[in-house]
Amino acid sequence: MSTIKSMTGYGRYESVDAQKKIVIDLKSVNNRYCDVNVKVSRQYAYLEEKIKDYIGKRVHRGKIDVSVYYENYEEQNKAVSLDHGLLKNYYELLSEIRTTCNIKHDIGLSDLTRFGDIFIVRQAEQDQEAIWSMILECLEKAVDDFEAMRQREGERMAADLRLHAANVLSELSEVEVLAEQAAERYAERLRERMKDLLGDTPVDESRFLTEVALMADKLCVSEETVRLRSHFVEMENILKETGGVGRKLDFLVQEMNREVNTIGSKSNDLVIAKHVVNMKSEIEKFREQIQNIE
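Before going into details, it helps to say that this report is about the structure given with it. Owing to the predicted nature of the structure, the values given are computational and were not obtained by experimental measurement.

### Some points on the overall build of the protein
Logical step 1: Helix and strand counts for the protein come out as 8 helices and 6 strands.
Logical step 2: Taken from the N to the C terminus, the helices and strands of the protein come in the order β-β-β-α-β-β-α-α-β-α-α-α-α-α.
Logical step 3: Sorting the 294 residues of the protein into buried and exposed places 33% on the buried side.
Logical step 4: The contacts in the protein between residues at least 6 apart in sequence include a share of 79% that link residues at least 24 apart.
Logical step 5: Total accessible area on the protein is roughly 18,000 Å²; 51% of this is exposed by carbon and sulfur atoms.

### Section: the packing of aromatic side chains
Logical step 1: Evaluation of the coordinates by the stated rule reveals 3 aromatic pairs.
Logical step 2: Where Tyr 44 meets Tyr 70, the ring centres are 5.1 Å apart and the plane angle is 80 degrees; that geometry is what we call edge-to-face. A residue pair is termed long-range when its members are at least 10 positions apart, and Tyr 44 in the loop between β3 (34-39) and α1 (47-58) and Tyr 70 in strand β4 (residues 62-72) qualify at 26 residues.
Logical step 3: Looking at Tyr 44, the relative accessible area reads 7%, which means it is buried.
Logical step 4: Pairing Phe 232 with Phe 286 gives two aromatic rings, centres 6.4 Å apart and planes at 80 degrees, and the pair type is edge-to-face. Here Phe 232 is found in helix α6 (residues 222-239), whereas its partner Phe 286 is found in helix α8 (residues 270-290), with 54 residues between them in sequence. In terms of burial, Phe 232 and Phe 286 fall into one category: buried.

### What about the environment of Ile 238?
Logical step 1: The topology assignment puts Ile 238 in helix α6.
Logical step 2: Residue classification places Ile 238 among the buried positions, given a relative accessible area of 4%.
Logical step 3: Considered as a pair, Ile 238 and Leu 249 are 11 residues apart in the sequence and their alpha carbons are 7.5 Å apart.
Logical step 4: In contact with Ile 238, not counting residues within four places along its chain, are Val 245, Lys 248, Leu 249 and Leu 252.

### Focus: the layout of surface pockets
Logical step 1: If you add up the space inside the second largest pocket, you get close to 150 Å³.
Logical step 2: Forming the walls of the second largest pocket are Leu 94, Ile 97, Arg 98, Ile 103, His 105, Ile 107, Asp 111, Arg 114 and Phe 115.
Logical step 3: Considering each element in turn, the lining of the second largest pocket owes the most residues, 3 residues, to helix α2 (residues 84-100).
Logical step 4: For the lining of the second largest pocket, the class distribution of residues is 5 nonpolar, 1 polar and 3 charged.

### Overview of the pairing of β4
Logical step 1: Note: strand β2 (residues 20-29) against β4, 10 bridges, orientation antiparallel. By the bridge assignment, Lys 20 is partnered in β4 with Asn 72.
Logical step 2: Bridging between β3 and β4 involves 6 bridges; their strand directions are parallel. Across the sheet, residue Lys 39 finds its bridge partner in β4, namely Ser 67.
Logical step 3: Read as a crossover between parallel neighbours, the route from β3 over α1 to β4 is left-handed.

### So, a nonpolar patch on the surface
Logical step 1: A surface patch of nonpolar side chains, amounting to about 350 Å² of accessible area, comprises Val 80, Leu 82, Phe 119 and Val 121.
Logical step 2: When residues of the nonpolar patch are traced back to their parent elements, those giving at least two are β5 (78-82) and β6 (119-123).
Logical step 3: Inspection of the secondary structure puts Phe 119 in strand β6.
Logical step 4: Exposure remark for Phe 119: the relative accessible area of 37% places this residue in the partly exposed category.

### Examining the pattern of salt bridges
Logical step 1: Per the stated rule, a full pass over the model turns up 22 salt bridges.
Logical step 2: The partner of Glu 153 in a salt bridge is Arg 156, with the nearest N and O atoms 2.7 Å apart. Pair noted here: Glu 153 and Arg 156 are both in helix α4 (residues 128-198), with a separation of 3 residues, about one helical turn.
Logical step 3: Given a relative accessible area of 52%, Arg 156 falls into the exposed group.
Logical step 4: For Glu 176, the salt bridge goes to Arg 229, with nearest N and O atoms at 2.9 Å. With Glu 176 in helix α4 and Arg 229 in helix α6, the pair connects residues that are 53 residues apart, well separated along the chain.
Logical step 5: Taking the relative accessible area as the measure of exposure, Arg 229 reaches 29% and is therefore partly exposed.

What counts, and where the lines are drawn
- Residues numbered from 1 in each chain as written.
- Predicted model: local features only at pLDDT ≥ 70, side-chain atom pairs only at ≥ 80, totals over all residues.
- Heavy atoms only, no water.
- Helix = DSSP H or I, 4+ residues; strand = E, 2+ residues; numbered from the N terminus.
- Buried < 20%, exposed > 50% of the residue type's maximum accessible area, 1.4 Å probe, protein only.
- Contact = heavy atoms within 4.5 Å.
- Areas by Shrake-Rupley, 256 points an atom, 1.4 Å probe, with all protein chains shown as cover.
- Phe/Tyr/Trp six-rings, centres within 6.5 Å; stacked < 30°, edge-to-face > 60°.
- 1 Å grid on protein atoms, 1.4 Å probe; cavity = no way out; pocket = protein on both sides within 12 Å on 5 of 7 lines; lining within 4 Å.
- Points joined across faces, edges and corners; volume = space filled by probe spheres on them.
- Nonpolar A, V, L, I, M, F, W, Y, C, P; charged D, E, K, R; others polar.
- Pairing = 2+ DSSP bridges.
- Right-handed = clockwise from strand over helix to strand, strands pointing away.
- Patch = residues over 30% accessible without salt bridge, like charges linked within 9 Å, V, L, I, M, F, W, Y side chains within 5 Å.
- Salt bridge = Lys/Arg side-chain N within 4 Å of Asp/Glu carboxyl O.

Below you can see the structure in the form of structure tokens.
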């Protein structure tokens, strides 16, 4: 079974109890590198790098958007204090206004408490490690869900790659048979051409056979067909590997294309050319699919 993964996927995990609610969503699209974007409320911004580091250890490629929602239902400890300096300034300003405008109204508590900024509200410090521990537990499960979806998609992609590989190898088998007959077909064409030109004039058989031998050597594509088959063996090995293999497959498909192009240019045969076109078409489908693999 293949272990390759798609670069696209979605994962989610939600945890709700009497004390808290945590919801984590992940979604990804294709990208050459691993690019993680984390969306979390400002008060928990310290979690962002921790989340990126964790995902970076499990995902090799793809643009991943992570949304983290955390709500604590427990009563928050808050402390209220007074800004004495600011309170004194307000009192002095009110007193100056009272004197300047000859106001007889005394400055009272209600006058001063209208200025809300004299009160300082402090929230108890968060236990960052405890919060991270809870988030991490949920993040692991969300990523598990995310990875499971990418794995399922990867299995379908591997099946598709093997189908295209089988099609190429089928065409290649036809090419190998035709290539073996290429020299014979060339000899027949050459005899007919010489007969048209020379009529009944005798042909130097030795020179004729030498010409055919030279052309047979030029038309020989056995090295290319052997290498092309070896690339598909390597493809199967890569599909069984764990981790990111997309770059390996991308390099391999370039080598496949190179061998097929060489076969086409060397064979100089219309019948073989049709099979070469078919192989190139299948390899292009192969290449397009590889762009989605991690």
